[in-house]
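Structural description and commentary
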Amino acid sequence: MKTSNPVLARLGQAAERERATGYAPTGPYGQPGYPPQQYPGATGYPAAPPTVTPMSIDDVVVKTVTLLGILGVSAAAAWVLVPDSLLGIAWIGAAVVGLVLGLIISFSRMANPALVVAYSVVEGVFVGMVSKAFNSLYDGIVLQAVVASFGVFFLMAMLYKARVIRATPKFVRGMVAAMVGLFAVMMINLVLSLFGVNTGLRDGSPLAIGFSLVCIVVASLSFVLSFAEVEEGVRMGLPQRYSWTAAFGILVSLVWLYIEILRLLSFFQGDD
């Protein structure tokens, strides 16, 4: 299966580079030198170089928890240390820097743990500022959004593990199209809002509620792409450093889901 997740797209290309180096294919227990046509249990994929430890699902889990911890500490620090007068500037600045770092990581040909950690720190500032702004208007909304976000994440993980939802080629193509389309719409809406144009997508109207629900559904389903890419990367024996890239993809989806749930909850808080 080809890599199609925009965030984790480089995993499949990294696997191609590993195969192009000429390492021998592996048998069912990782033994080198068993071509699949001669050994029925062989995977047909090359083993990782002897000096390189292949990544595992545990590696991805550890890296994801690490990035979430860094993001949480950064968000808490920003919430406490950044004064209210600078909230807007910090919010916008972190969003811009996070977007740039995210694009660099997504389109980079090599896994770069330092950039991924830096992204987590910057995104933590963004999340902290957004959360502080919403919580000042609606007390308790942040905790509700956090619980809902992790609830959705674990639900999608269970559905994927049970193979209720699978990353089929058709599903992947539809998800990529949906994410690209939503990103384009959000960018256009942002630009128009800078010129005072209200499209109704973020003002609490029925249209805004519907748009947020669509974003939440797509963000939730994007975890399926991430899980599939992790599974494929482990199967192909990618080097351990790519677990940072996989964790980065999961973090991006989780932050997006959290922001959309936070926004949707705010629509139902009323004016009191």
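In the block above lies the structure referred to throughout.
Description of the structure in this document. Keep in mind the model is a prediction, meaning the values are calculated, not measured.

**Quick look at the layout of surface pockets**
In this structure, the largest pocket encloses a volume near 1700 Å³. Looking at the largest pocket, it is lined by 46 residues, and the ones nearest its centre are Leu-99, Phe-183, Met-186, Met-187 and Trp-256. The set of elements that each furnish at least two residues to the lining of the largest pocket consists of helix 3 (87–107), helix 4 (113–137), helix 6 (169–194), helix 7 (206–235) and helix 8 (242–267). The greatest single-element share of the lining of the largest pocket, amounting to 11 residues, is contributed by helix 3. For the lining of the largest pocket, a count of residues per class yields 29 nonpolar, 13 polar and 4 charged.

**A word on the packing of aromatic side chains**
Using the criterion set out here, one finds 6 aromatic pairs in the structure. Ring geometry for Phe-153 and Phe-223: centres 5.1 Å apart, planes at 75 degrees, overall edge-to-face. Here the residue Phe-153 occupies a position in helix 5 (residues 141–161), and Phe-223 occupies one in helix 7, the gap between them amounting to 70 residues. Taken together through their ring pairs, the aromatic side chains of Phe-153, Phe-154, Tyr-160, Phe-223 and Phe-227 make up a single cluster. Arg-163 extends its terminal NZ or CZ atom over the ring of Tyr-160, reaching a point 4.9 Å from the ring centre.

**Notes on the pattern of salt bridges**
Pairs can form between side chains of opposite charge whenever their charged atoms are close. Counting across every chain of the model gives 4 salt bridges. Glu-260 is the partner of Arg-202 in a salt bridge, and the nearest nitrogen-oxygen pair spans 3.0 Å. Taken together, the residues Arg-202 in the loop between helix 6 and helix 7 and Glu-260 in helix 8 connect sequence positions 58 residues apart. We classify Glu-260 as buried; its relative accessible area is 2%. In this structure, Glu-232 engages Arg-235 in a salt bridge whose closest nitrogen and oxygen atoms are separated by 2.7 Å. Of the two residues, Glu-232 and Arg-235 are both situated in helix 7; the distance of 3 residues between them amounts to about one turn of the helix. Judged by relative accessible area, which is 9%, Glu-232 ranks as buried.

Cut-offs used in this document
- Each chain carries its own residue numbering, running from 1 in the written order of its sequence.
- Residue-level local features of this predicted model are given only where pLDDT is at least 70; pairs of side-chain atoms are given and counted only at 80 or more, and the full residue set underlies all totals for whole chains, interfaces and linings.
- In computing side-chain values, all of the structure's heavy atoms are included and hydrogens and water are not.
- Both site types are read off a 1 Å grid over the protein atoms alone. A 1.4 Å probe that fits but cannot get out defines a cavity, while an open set with protein on both sides within 12 Å along at least five of seven lines defines a pocket; lining residues have an atom within 4 Å of a point.
- Grid points are joined across faces, edges and corners, and a volume is the space filled by probe spheres set on the points.
- Each helix corresponds to a stretch of at least 4 residues labelled H or I by DSSP, and each strand to a stretch of at least 2 residues labelled E; elements are numbered beginning at the N terminus.
- Each residue receives one of three labels: charged for Asp, Glu, Lys and Arg, nonpolar for Ala, Val, Leu, Ile, Met, Phe, Trp, Tyr, Cys and Pro, and polar for the others, Gly being one of them.
- By convention, a stacked pair of Phe, Tyr or Trp rings (six-membered ring in the case of Trp) has centres within 6.5 Å and planes under 30 degrees apart, an edge-to-face pair has planes over 60 apart, and any other such pair is tilted.
- Any Lys NZ or Arg CZ that is within 6 Å of a ring centre and within 35 degrees of that ring's normal is treated as a charge sitting over the ring.
- In what follows, salt bridge is the name for a side-chain nitrogen of Lys or Arg lying within 4 Å of a carboxyl oxygen of Asp or Glu.
- Think of it in three bands: residues with accessible area under 20% of the maximum for their type are buried, residues over 50% are exposed, and the middle band is partly exposed, with areas taken using a 1.4 Å probe on protein chains only.

Keep in mind these numbers describe shape, not what the thing actually does.
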